[in-house]
Amino acid sequence: MKITSNIINHIALQVVQTNDGGLFHGRMGIILALYCYGIAHDNNYICEYASDILQLTMNDYHDGDISLENGLSGIGLGFTLLYKAGLFNDDLNELLFDLDQKIMGFDPRRMIDQSFRLGISGVLYYIRTRLSIDQPLMSIHRDYIRELEDNIRSIDKKVFQDEFLDSLQQPNWEVDDYFEKDAGIDNGCAYYLIMDSYEKVFSR
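Residues numbered from 1 in each chain as written. Predicted model: local features only at pLDDT ≥ 70, side-chain atom pairs only at ≥ 80, totals over all residues. Heavy atoms only, no water.

Draft legend 1. Broad picture of the overall build of the protein chain. Scanning the protein chain for helices and strands turns up 9 helices and 0 strands. Each helix and strand of the protein chain, placed in order from N terminus to C terminus, yields the pattern α-α-α-α-α-α-α-α-α. Since a compact globule built from 204 residues should have a radius of gyration of about 17 Å, the 16 Å found for the protein chain is in line with a globular shape. Structurally, the protein chain occupies a C-alpha span of about 50 × 35 × 30 Å along its principal axes. Burial status across the protein chain gives 54% buried among its 204 residues. When contacts within the protein chain are restricted to residue pairs at least 6 apart in sequence, long-range pairs at least 24 apart make up 67% of them. (Helix = DSSP H or I, 4+ residues; strand = E, 2+ residues; numbered from the N terminus. Rg over C-alpha atoms; globule rule 2.2 N^0.38 Å. Buried < 20%, exposed > 50% of the residue type's maximum accessible area, 1.4 Å probe, protein only. Contact = heavy atoms within 4.5 Å.)

Dropping the structure here:
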C-alpha cells in the first residue's frame, strides 16, 4: 500500500470542507488519521495542519447522538487519542466537560443498542480509553460508569470490539483510486492513513 502526497493533499482539502464533525466519517477521524500519519512519518507539516484544523472542531458535534460512530463518544475518543499521541497537553476533564455532561444525560440503564459503533459498547470503550491515560477521569461520574458496565455484562461478544481499529471498514477500492471518494477513516480515503500509522503511534 503506497500512500502518495496526492491522496494526503486530497484528504487535507476534504477535511476543511466536510460538515460532519464525527469520528468515523467526519472531521475528527480525518484529523486523527492525519496526525498519526504525520507522527509516524516525522512530517511536522501534516501534524501542524491537523492541529490547526482541530481548533475548528472543538464545538462541532451532534448533541443528540452519543455513539462512537457519529456522536459524542466518538468526539471524546478522538480527543483522547490525540492527547495520547501528544497533539496537546490540555486537561481533558475541562476540555470535554460539556461533552461528558451531555453523554451522562442519557440513562445507561435504558440503552438498548449494545453495539460498538452505535450503541453502549462504544460509549464504554471511550470511557475506558479515558481511564487508561495519565489523567484521572473526573468529568464522568463513577456511578454512571458502573451502570454502563451493569447494562453490558450480558453483551454478545460478537458486537464488542477489543480495539477501535478493528471496527473500521476497509474501502472496496484501492488507495490509488481515491479521487472523488469519501475522506473519512471508515470506508474512506483516511482509512489508509490510519491503518498505516495507528499502531506505530500507539504501540510506542
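Draft legend 2. Quick peek at the pattern of salt bridges. Overall, the coordinates contain 8 salt bridges when judged by the stated rule. Residues Glu-69 and Arg-117 are paired through a salt bridge, measuring 3.1 Å at the closest nitrogen-oxygen approach. A residue pair is termed long-range when its members are at least 10 positions apart, and Glu-69 in the loop between helix H3 (44-54) and helix H4 (72-85) and Arg-117 in the loop between helix H6 (97-104) and helix H7 (120-131) qualify at 48 residues. In this structure, Glu-69 and Arg-117 share a single accessibility class: buried. A salt bridge links Asp-196 to Lys-200; its shortest N-O distance comes to 3.7 Å. Note that Asp-196 and Lys-200 are positioned in helix H9 (residues 190-202) at a spacing of 4 residues, about one turn of the helix. Overlapping salt bridges bring together Glu-69, Arg-117 and Asp-186 as one network. (Salt bridge = Lys/Arg side-chain N within 4 Å of Asp/Glu carboxyl O.)

Draft legend 3. The arrangement of the nonpolar core in detail. Counting residues in hydrophobic clusters, the biggest one holds 71 residues, and the most contacted among them are Leu-82, Tyr-126, Phe-164 and Ile-194. Elements with a minimum of two residues in this core: helix H1 (5-17), helix H2 (27-40), H3, H4, H6, H7, helix H8 (142-152) and H9. For this core, the leading source of residues is H2, giving 11 residues. Once residues within four sequence positions are removed from consideration, Ile-194 is found in contact with Leu-32, Ala-33, Phe-164, Leu-165, Leu-168 and Ile-185. (Core = buried A, V, L, I, M, F, W, Y, C linked by side-chain atoms within 4.5 Å.)

Draft legend 4. Local environment of the packing of H4 against H6. Running from N to C, H4 and H6 point in directions that differ by 145°, and their axes come no closer than 10 Å. Crossing of H4 against H6: the hand is left-handed. Residue-level contacts link Leu-72, Ser-73, Ile-75 and Gly-76 of H4 to Leu-99, Lys-102 and Ile-103 of H6. When grouped by side-chain class, the residues that make up the contact of H4 with H6 number 4 nonpolar, 2 polar and 1 charged. (Axes fitted to C-alpha atoms, helices over the stretch in contact; angles between N-to-C directions. Left-handed = near helix turned anticlockwise from the far one by under 90°. Nonpolar A, V, L, I, M, F, W, Y, C, P; charged D, E, K, R; others polar.)

Draft legend 5. View of the side chain of Ser-197. With respect to the helices and strands, Ser-197 occurs in helix H9. Looking at Ser-197, its side chain comes within polar contact range of the main-chain oxygen of Leu-193, at 2.7 Å. Among residues more than four places away in sequence, those in contact with Ser-197 are Ala-33, Cys-36, Tyr-37 and Ala-40. (Polar contact = N/O pair within 3.5 Å; in protein donor to acceptor, adjacent residues only side chain to side chain.)

Draft legend 6. Spotlight on the packing of aromatic side chains. Tallying each qualifying case throughout the model produces 8 aromatic pairs. With 4.6 Å between their ring centres and 45° between their planes, Tyr-198 and Phe-202 make a pair best called tilted. Placement of the pair is Tyr-198 and Phe-202 together in helix H9, with a separation of 4 residues, close to one helical turn. On the basis of relative accessible area, Tyr-198 is assigned to the buried category, the value being 6%. The rings of Phe-24, Phe-164, Tyr-198 and Phe-202 are connected pair by pair, giving a single aromatic cluster. Here Lys-181 stacks its cationic end above the ring of Trp-173, 5.4 Å away from the centre of that ring. (Phe/Tyr/Trp six-rings, centres within 6.5 Å; stacked < 30°, edge-to-face > 60°. Lys NZ or Arg CZ within 6 Å of the ring centre and 35° of its normal.)

Draft legend 7. Focus on H3. Every buried residue of H3 is listed here: Ile-46, Cys-47, Ala-50, Ile-53 and Leu-54. For H3, the arc enclosing every buried residue in end-on projection is 130°, short of the 170-degree limit, so these residues lie on one face. Of the exposed residues in H3, the ones pointing more than 90 degrees away from its buried face are Asn-44, Tyr-45, Glu-48 and Asp-52. Contacts made by the buried residues of H3 are with H1, H2 and H4. (Arc of directions from axis to C-beta.)

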